[in-house]
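Below, each chain spelled out in residue letters.
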Amino acid sequence: MKIIKKSQARSASDNRALRNTVSDIIDEICAGGDAALKKYVSDFDGYTRNSFILTKEEIDKAYAQISEQDLADLKTAKANLEAFARAQKASLTAVTDFSPQPGIFLSDRIIPVNSCLCYVPGGRHPLYSSALMLITPAKVAGVKRIAAASPADRETGEIHYKTVVAMDLAGADEIYACGGVQTIAAFAYGTEEIMPVDLIVGPGNRYVAEAKRQCYGQVGIDFVAGPSEVLIIADETADPDVTAADMLAQAEHDPDAKAILLTTSEQFASDVAEAVEAELCILAAPETARKSWETYGGIILLDDLREAVAIANDMAPEHLEINIKDPDAILPDLVNYGSLFLGGNTAEVFGDYASGTNHTLPTVRAARYTGGVWAGTFLKVCTHQRMTPEASRKIAPVVSRMARGEGLEAHAIAAEKRMPT
């Protein structure tokens with residue numbers, strides 16, 4: 001293994017100040033309700049509203065602003081997302097009356113959560129694609145109340161019109177013009193205006209991520225997401241310009257984003273490094289991508305693809321691209337990734353927007369234990385059982401002995417009440 005360009009490790013800095021700040025805001029929202037929510041939105045985002053929920057007139061205004069082409073593109077992306085979400089949901093089959101022994105019947109039901117918040121970040125860019133990615137699978141899952149929230153522009157007090165249209169098109173029942181820690185807390189605990197939800201999904205900055213972490217338990221969450229990541233495994237058959245473009249596509253998200261190339265070709269590694277510099281020179285606003293690349297970008301030369309597989313499984317990246325002559329050759333061995341993109345035709349950015357898989361994915365190695373948002377994120381698998389009198393009498397002695405072995409006498413008595421006298 002040879003390091004062509006070294007990626008810096010993200011520092012494990014002391015986040016005590018972050019945790020305390022977020023905790024204080026959550027406490028104030030719980031105590032002060034709408035008044036505290038309005039105060040923080042005014043202080044942090046610079047606007048005030050009488051009510052945070054959007055009116056029908058505001059939604060209609062957003063539709064009046066969007067072009068026919070942009071609306072058609074949103075509809076195309078939504079259709080692909082919805083079709084795949086329906087296929088995923090259909091793959092979940094409830095178990096009905098499974099009998100491990102005569103007279104015992106075990107079943108489960110697949111039940112959607114009753115309510116959720118789909119949080120769509122604002123920040124430097126209107127990320128309206130995230131509205132589709134979050135709300136569409138929630139709708140397919142059958143969530144009865146889907147709330148969506150996003151920070152509004154500080155000058156107008158309005159969410160970007162494309163984000164509003166995407167939220168409405170995907171099926172949001174309520175749309176709120178607010179963001180940040182205060183919004184996560186409001187939907188976790190409730191205020192006078194905002195009814196709490198059962199589940200919060202969606203990305204955000206480190207304050208939003210920390211708020212989700214602290215509110216977990218009071219409310220369900222998808223996962224705690226960090227800066228974007230892409231890992232590319234490529235050989236000499238790949239296109240260096242395409243590879244460089246895919247790396248910078250992630251780098252422009254955030255100065256802390258990470259783009260890493262693993263390759264078996266030293267010439268290819270050199271070509272990609274040159275292609276990255278060439279593209280940075282033509283980007284209209286390269287500052288974020290350049291900082292990300294210079295700090296966290298990496299190129300590693302490997303002896304063989306087995307080494308690449310081992311590194312990929314250890315890194316568990318958010319996005320994993322396989323651009324080698326035969327991607328299927330290593331596919332079975334790849335087990336830790338948020339989403340996988342096979343072959344040079346399959347750009348990661350296609351998944352970001354419109355191909356049909358979800359772009360809300362685990363980062364910072366969370367792909368070791370979870371996948372991304374999908375219809376199943378909004379579903380619960382809940383078991384139930386029933387027994388015949390004969391089966392009840394037969395299993396009761398087993399349960400009685402086990403309960404008494406654990407010192408739980410009341411458990412044992414509950415079983416023994418079903419035993420023949």
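Let us look at the structure shown here. (Residues numbered from 1 in each chain as written. Predicted model: local features only at pLDDT ≥ 70, side-chain atom pairs only at ≥ 80, totals over all residues. Heavy atoms only, no water.)

1. Considerations on the overall build of the protein chain
When you go through the protein chain residue by residue, the secondary structure sums to 14 helices and 13 strands. Overall size of the protein chain, expressed as C-alpha extent along the three principal axes, is 85 × 60 × 45 Å. Considering only contacts in the protein chain between residues 6 or more positions apart, those separated by 24 or more positions represent 74%. Accessible surface, the protein chain as shown: approximately 20,600 Å² in total, 52% of it carbon and sulfur. Computed over 40 positive and 58 negative side-chain charges, the inter-centroid distance for the protein chain is 9 Å. (Helix = DSSP H or I, 4+ residues; strand = E, 2+ residues; numbered from the N terminus. Contact = heavy atoms within 4.5 Å. Areas by Shrake-Rupley, 256 points an atom, 1.4 Å probe, with all protein chains shown as cover. Lys, Arg positive; Asp, Glu negative; His and termini not counted. Charge placed at Lys NZ, Arg CZ, Asp CG, Glu CD.)

2. Comments concerning the environment of Thr163
Residue placement: Thr163 occurs in helix 5 (residues 161-170). Distance from Thr163 to Cys116, taken between C-alpha atoms, is 18 Å for residues 47 residues apart in sequence. Excluding anything up to four places from it in sequence, Thr163 contacts Val120, Pro126, Leu127, Tyr128, Ala131 and Ser150.

3. With respect to the nonpolar core
Ile135, Phe187 and Phe378 are the most contacted members of the largest nonpolar core, which has 70 residues in total. Per-element accounting of this core gives the leading share, nine residues, to helix 1 (residues 16-45). Those residues in contact with Phe187 that sit more than four places away from it in its chain are Leu117, Arg145, Ala147, Ala149, Tyr176, Ile194, Met195, Pro196, Val197 and Ile200. In this structure, Ala251, Leu261, Phe268 and Ala289 belong to the second largest nonpolar core, which totals 19 residues. (Core = buried A, V, L, I, M, F, W, Y, C linked by side-chain atoms within 4.5 Å. Buried < 20%, exposed > 50% of the residue type's maximum accessible area, 1.4 Å probe, protein only.)

4. Topic: the packing of helix 9 (residues 266-282) against helix 10 (residues 287-296)
Two elements in contact, helix 9 and helix 10, have axes separated by 9 Å at closest approach and are oriented at 155°. By the angle between their axes, helix 9 is roughly antiparallel relative to helix 10. The two elements helix 9 and helix 10 meet at a crossing, and its hand is left-handed. On the side of helix 9, the interface is formed by Val276, Glu277 and Leu280, while helix 10 contributes Ala289, Arg290 and Trp293. Residue classes in the contact of helix 9 with helix 10 are distributed as four nonpolar, no polar and two charged. (Axes fitted to C-alpha atoms, helices over the stretch in contact; angles between N-to-C directions. Parallel < 35°, antiparallel > 145°, perpendicular 65-115°, else oblique. Left-handed = near helix turned anticlockwise from the far one by under 90°. Nonpolar A, V, L, I, M, F, W, Y, C, P; charged D, E, K, R; others polar.)

5. Remarks on the pattern of salt bridges
Scanning the model with the defined rule gives 17 salt bridges in all. Among the ionic pairs, Glu266 bridges to Lys2, the shortest N-O distance being 2.8 Å. Of this pair, Glu266 sits in helix 9 while Lys2 is found in strand 1 (residues 2-5), placing the two residues 264 residues apart along the sequence. Overall, Lys2 belongs to the partly exposed group, its relative accessible area being 40%. Here Asp70 and Lys162 are joined by a salt bridge, their closest N and O atoms 3.3 Å apart. Placement of the pair is Asp70 in helix 3 (residues 68-90) and Lys162 in helix 5, with a sequence separation of 92 residues. For Asp70, a relative accessible area of 23% puts it in the partly exposed group. (Salt bridge = Lys/Arg side-chain N within 4 Å of Asp/Glu carboxyl O.)

6. Some words on the packing of aromatic side chains
A ring pair, where both rings are aromatic, is described by two values, the distance of the centres and the angle of the planes. Across all of its chains, the model carries two aromatic pairs by this definition. Look at Tyr40 and Phe44: their rings are 5.4 Å apart centre to centre, the planes differ by 40°, and that puts the pair in the tilted class. Residue Tyr40 and its partner Phe44 are located together in helix 1, separated by four residues, close to a single helical turn. Residue classification places Tyr40 among the buried positions, given a relative accessible area of 8%. Centroid distance Tyr176 to Phe187: 5.1 Å. Interplanar angle 85°. Geometry classified as edge-to-face. Taken together, the residues Tyr176 in strand 5 (residues 174-177) and Phe187 in helix 6 (residues 181-189) connect sequence positions 11 residues apart. Residue class for Tyr176 comes out buried when judged on its relative accessible area of 3%. Exposure remark for Phe187: the relative accessible area of 0% places this residue in the buried category. Cation over ring: Lys39 sits above Tyr40, and NZ or CZ is 4.5 Å from the ring centre. Above the ring of Phe105, the side-chain terminus of Arg386 is found at 4.5 Å from the ring centroid. (Phe/Tyr/Trp six-rings, centres within 6.5 Å; stacked < 30°, edge-to-face > 60°. Lys NZ or Arg CZ within 6 Å of the ring centre and 35° of its normal.)

7. Quick notes on the sheet that holds strand 1
Taken in spatial order, the six strands make up an open sheet running 1-10-9-8-11-12, and their pairing is mixed. The sheet terminates laterally at strand 1 and strand 12 (339-342), the two strands that pair on one side only. Between one strand and the next, the sheet's axes are offset by a mean angle of 20°, whatever the strand orientation. In terms of strand pairing, strand 8 (residues 229-234) meets strand 9 (residues 258-263) through six bridges, oriented parallel. The partner of Ile233 across the bridge, within strand 9, is Leu262. Along the sheet, helix 11 (residues 305-315) makes contact with strand 8, strand 9 and strand 11 (319-323), crossing strand 8 at roughly 170°. (Pairing = 2+ DSSP bridges.)

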